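# Survey of secondary and tertiary structure
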Amino acid sequence: MSTPSKQSWTGYVDVNQPDSVSGSAKIAPHSPLLEMRGVVKRFGGVAALSNVSLTVGESEILALIGENGAGKSTLMKILGGVHAPDAGEILVEGRSVHLRSTSDAGKLGIAFIHQELSVLGNLDIAGNIFLGREPTFGGPLKLISRRTMFEEARKYIEPLGLDMSPDTSAGLLSIAHQQLVEIARALSQNARLIIMDEPTSSLTPRETERLLTLTRKLRDENNVSIIYISHRLNEVEAIADRVSGLRDGQNAGELAKSEITRDAMVRLMVGRDIRVAVRDAETDQNAPVRLEARGLQTPRYPSEKVSFSVRAGEVLGFAGLVGAGRTEIAQALFGIAPATGGEIYMDGSPVQVKTPADAISHGVYLIPEDRRHSGLALSLPIRENISLPNLGAFATLGIIRGQEERKMAEDMVTRLNVRSALQRGEGGANAGQVADAPAQSLSGGNQQKVVLAKWLAMEPKTLLFDEPTRGVDVGAKAEIYDLIRGLAANGVAVLLISSDMEEVLGVSDRIAVMHEGKITGILGRTDFSEENVMRLAVGDALSGKVAG
Amino acid sequence: MFSNFRKETGIFLLLLGLCIVVAILNPRFISATNLQNTARLIGMYGIFSLGMGLVIMTGGIDLSVGSVFALLGVLLSMMLVDWHVSPPLAVFAIILAGMILGSIHAFFISRVNLQPFIVTLCGLLFYRGIARFIANDETKGFGDAAGVESLKQIGVGNFLGVPIPFLILLVLAGLLWVALHRSIYGRYIFAMGRNEEAVRYAGINTRRLIASVYIVSGALAGVASLVIAFYTNSVSPSSHGNFFELYGVAAAVLGGCSLRGGEGSVVGILLGAALLQVLQNLVNLLGIPSSLNFAVMGAVILIGVTADQLLSRRHTA
């Protein structure tokens, strides 16, 4: 086996000991740049990836598509050395490699351009490009040689069209320019494979166009391969040499260049049976409208006006891709980030919602997306978490009546079947002991029940659920669905924001689908299908019959 | 709650042990005069330590109290001596002034979103400068008018042999104990110290809560400034109350308050304040050079919090 030349990127593979089994004898003349074979990854009992394979050729742009939660991020984290796979093999130019850390990936020439950029705003452009690899002088003093660094930096940023001095503070750059700095950093590390994760989500159409052009240039002139992850199918259509789809943690198929069409990609992403039991009872179409939003504007999408209404006893699903503006709607309705325009009507009369207290006074409660950060004080007892918004009901002149608070918390723990690891211990535990345990001792699903318990004690009229089953195991999911349907059956109006396709199709009465701040369509039960939701979610109109 | 109890027990045992050692080495420690005097000092320092502890429980800090004592002390002297304000009105005015200063801190912290450390550091500098300016940098006294003489009992008087400052401390601590450990207000304060975001999502006005602790701390600083001024019987604006804010922080931290917020108890703060005064007393009684005073205090605080950290680590492991 000949020693790889300094230029070859396999020359940097000193992290991975020459693997005795593979790689040694026969390197195929045209081994693909990257090959992932039979990758399996489980988190707890949940299989995030089962037997996934992926191949990237030399100088190829491969688009990776799939719904939220299909396993794209997990697969890329394995490639980045963040997660170790439970099974499977990764080959780089035909040689088996083990990625144990992000720096291993870097040494193999794999670079990431993340959705949230990692540019340090307090360093200049050159400092960001060479962070951790600064050219030095002065021997052991390791003083940074600024001139060398600037000269080197210029070599990388100029071809990218970043026409700025390398000593410009990176914090002053636009998102698009910061992205170029990250690309320059990747190239300076001799990257041969760049993974771009939703690179255009914060870019203007013009900047997007420029990035697509640059991506082709990287492929054609720098011989770099790209894994391009995007929900924007028109971009994928424009740029991809090949498309690979993931669905439920499995390979869903591939499309060659000539087969890439929007229809084909939508089919690749969806197309499976709904496993959540669809309810049979029809909701009362004559029930009064509980909550209505007219022309609601949110800080994130200031120019979009969103209108919808929810009847008492109805579950209105909100589907869409991450960043479509759904959470912002919930936060506006709950007063966390008040609407910048439009009106909110509660039972037919206009209301002002400027703070959460305003929303609560109208019986509108939010189960937030990030329960660990916003929903619970994890280190406090479950009891104190449950009673927090409702302490006035258990107090005389501001002094808490401990017995009553305790009883309410125990009742809630029993009613919602909050299960704690305590109960598996010797002799089990009663509801009181569970209620006294800190919230962090519970599993995700049981934590979510505690968040819900806070509001159930306060006679909800409208509940806003934001991703209620994220990080929740299957059993607890079913219990939460039952709770949601049970609340609706008792006349509560429910807004269900969910990126889980089965959930939103299985639990909702109607589904509003959002795309980049707009409601692109509201589906009635007869129009429920994954394909319809996905089309609306990527911004396509449906054929005729579905009104917006 | 359990961890509070454990912390309180720990510092109580430390205090008790220290008292026994000092009493053995120098029996004068348990003489009536010495106990009375120590109790007076515990009362004086304890009052504003309660306010400091409350602020620290929300994750904040109030560095301004020492300078507040100088400014309010100078104002008190001017009211009583120069302007002949009636003593009850002067007492009321000083406490109100303390609350107004607290409200100013509260405004910058909860509305302008400045960091408590910075806002109250500016207060520390600003009030000291104003105090020296309005007093012409001269030491101010209180004269000996009849009404003033009885007012001084706030600082130097006894009731049934118990120093008045100590009694004031017990009453205020009792009120704060109910507020912190039995009322909705206290529940919100502790919850906010753990996760402010979750409290906001529960529909509670966290800004108003944060503002409230600086106002309460200001009111307690007002009460303490009366006690301190009458105890020293004169206010020298450049040195009056110097470093007192740090005694408050030390008492709160020794008593189990975490500077990250969300932890602490009224009993703990009382024990912390008492421990600091016993240490001072120890330096005097055991003939340790008084120049070592701060060094002893620093060492004991460090030992205390280190022991607590090591014990709690073992406890959770």
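Each value, and the rule that gives it
- Residues numbered from 1 in each chain as written.
- Chains lettered and ligands numbered in written order.
- Predicted model: local features only at pLDDT ≥ 70, side-chain atom pairs only at ≥ 80, totals over all residues.
- Helix = DSSP H or I, 4+ residues; strand = E, 2+ residues; numbered from the N terminus.
- Buried ≥ 20, exposed ≤ 12 C-beta atoms within 10 Å, placed from the backbone.
- Contact = placed C-beta atoms within 7 Å.
- Pairing = 2+ DSSP bridges.
- Nonpolar A, V, L, I, M, F, W, Y, C, P; charged D, E, K, R; others polar.
- Axes fitted to C-alpha atoms, helices over the stretch in contact; angles between N-to-C directions.
- Expected span 1.5 Å × (residues − 1).
- Parallel < 35°, antiparallel > 145°, perpendicular 65-115°, else oblique.
- Left-handed = near helix turned anticlockwise from the far one by under 90°.

### Notes on the overall build of chain A
From N to C terminus, chain A includes 18 helices and 24 strands. Here chain A holds 548 residues, and the buried ones make up 43% of them. Pairs at least 24 residues apart make up 67% of the contacts formed inside chain A by residues separated by at least 6 positions.

### Overview of the pairing of strand β24 (residues 518–524) of chain A
Residue and element names in this part refer to chain A. Of all seven residues in β24, five are buried, a share of seventy percent or more. Across six bridges, the pairing between strand β23 (residues 510–515) and β24 is antiparallel. Of the residues in β24, the one forming a bridge with Ile 511 is Leu 523. Between β23 and the antiparallel strand that follows it, β24, lie two residues; Glu 516 among them carries a positive phi value of about 45 degrees.

### Section: the interface of chain B and chain A
In this complex, chain B contributes 16 residues to the contact, which on the side of chain A involves 23 residues. Mapped onto the side of chain B that touches chain A, the elements with two or more residues apiece are α9 (184–194) and α10 (196–201) of chain B. A per-element tally of the side of chain B that touches chain A places α9 of chain B first, with five residues. Class assignment for the residues of the side of chain B that touches chain A results in seven nonpolar, four polar and five charged.

### Structural notes on helix α18 (residues 530–537) of chain A
Residues and elements named next belong to chain A. Summarising burial for α18: seven of the eight residues are buried, a large majority. Buried residues along α18 sit in contact with α8 (262–269), β15 (315–320), α17 (501–507), β23 and β24. Positioned one or two residues after α18, Gly 539 has a phi angle of 95 degrees, which is positive.

### What to know about the sheet that holds strand β9 (residues 193–197) of chain A
Residue and element names in this part refer to chain A. Sheet architecture is open: six strands sit in the order β6-β9-β10-β3-β11-β12, paired in mixed fashion. At either margin of the open sheet sits one strand with a lone partner, and together these are β6 (110–113) and β12 (250–256). Neighbour-to-neighbour, the strand axes of this sheet turn through a mean angle of 20 degrees, independent of strand direction. The sheet contacts of helix α6 (residues 205–221) involve β3 (61–65), β9 and β10 (225–229), and relative to β10 the element is tilted by about 150 degrees.

### Points about the sheet that holds β24 of chain A
Residues and elements named next belong to chain A. With mixed pairing, six strands are arranged side by side in an open sheet as β18-β21-β22-β15-β23-β24. Pairing within the sheet leaves two strands with one partner each, and these edge strands are β18 (364–367) and β24. Ignoring strand direction, the axes of neighbouring strands in this sheet form an average angle of 20 degrees. Note: strand β21 (residues 462–466) against strand β22 (residues 493–497), five bridges, orientation parallel. Looking at β22, one finds that Leu 464 is bridged to Leu 495.

### A closer look at the environment of Ser 174 of chain A
Residue and element names in this part refer to chain A. Among the structural elements, Ser 174 can be located in the loop between α4 (146–157) and α5 (175–188). Residue classification places Ser 174 among the exposed residues on the basis of 12 C-beta atoms within 10 Å. In sequence terms Ser 174 and Ala 48 are 126 residues apart; their C-alpha atoms lie 35 Å from each other.

### Quick word on helix α4 (residues 87–111) of chain B
Residues and elements named next belong to chain B. Helix length check: α4, at 25 residues, gives a terminal C-alpha distance of 35 Å against a target of 36 Å (1.5 Å per residue), a fit within 8%. Among the structural elements, α3 (65–82), α5 (116–134) and α11 (206–232) are those in contact with the buried residues of α4. Two residues or fewer past α4, Asn 113 is found with a positive phi of approximately 60 degrees.

### Let's talk about unusual backbone geometry
Trans peptide bonds make up most of the peptide bonds, and negative phi angles are found at most residues other than glycine. Not every positive phi belongs to a glycine, and Glu 93 of chain A is a case in point at roughly 50 degrees. Note on placement: Glu 93 of chain A falls in the loop between β4 (87–92) and β5 (95–97). Of the residues examined, Glu 93 of chain A has 23 C-beta atoms within 10 Å and is grouped as buried. Within the chain, Asn 136 of chain B stands out as a residue other than glycine whose phi angle is a positive 55 degrees. For Asn 136 of chain B, the location among the structural elements is in the loop between α5 and β1 (140–141). Here Asn 136 of chain B falls in the exposed class, since 9 other C-beta atoms lie within 10 Å of it.

### A closer look at the packing of α4 of chain B against α11 of chain B
A pair of packed helices is captured by two measures, namely the crossing angle of their axes and the spacing between those axes. All names here are of chain B. Here α4 crosses α11 at 150 degrees, and the two axes come no closer than 7 Å. On the basis of their axis angle, the class for α4 and α11 is roughly antiparallel. The chirality of how α4 crosses α11 is right-handed. The class makeup of the residues in the contact of α4 with α11 is 16 nonpolar, nine polar and one charged.

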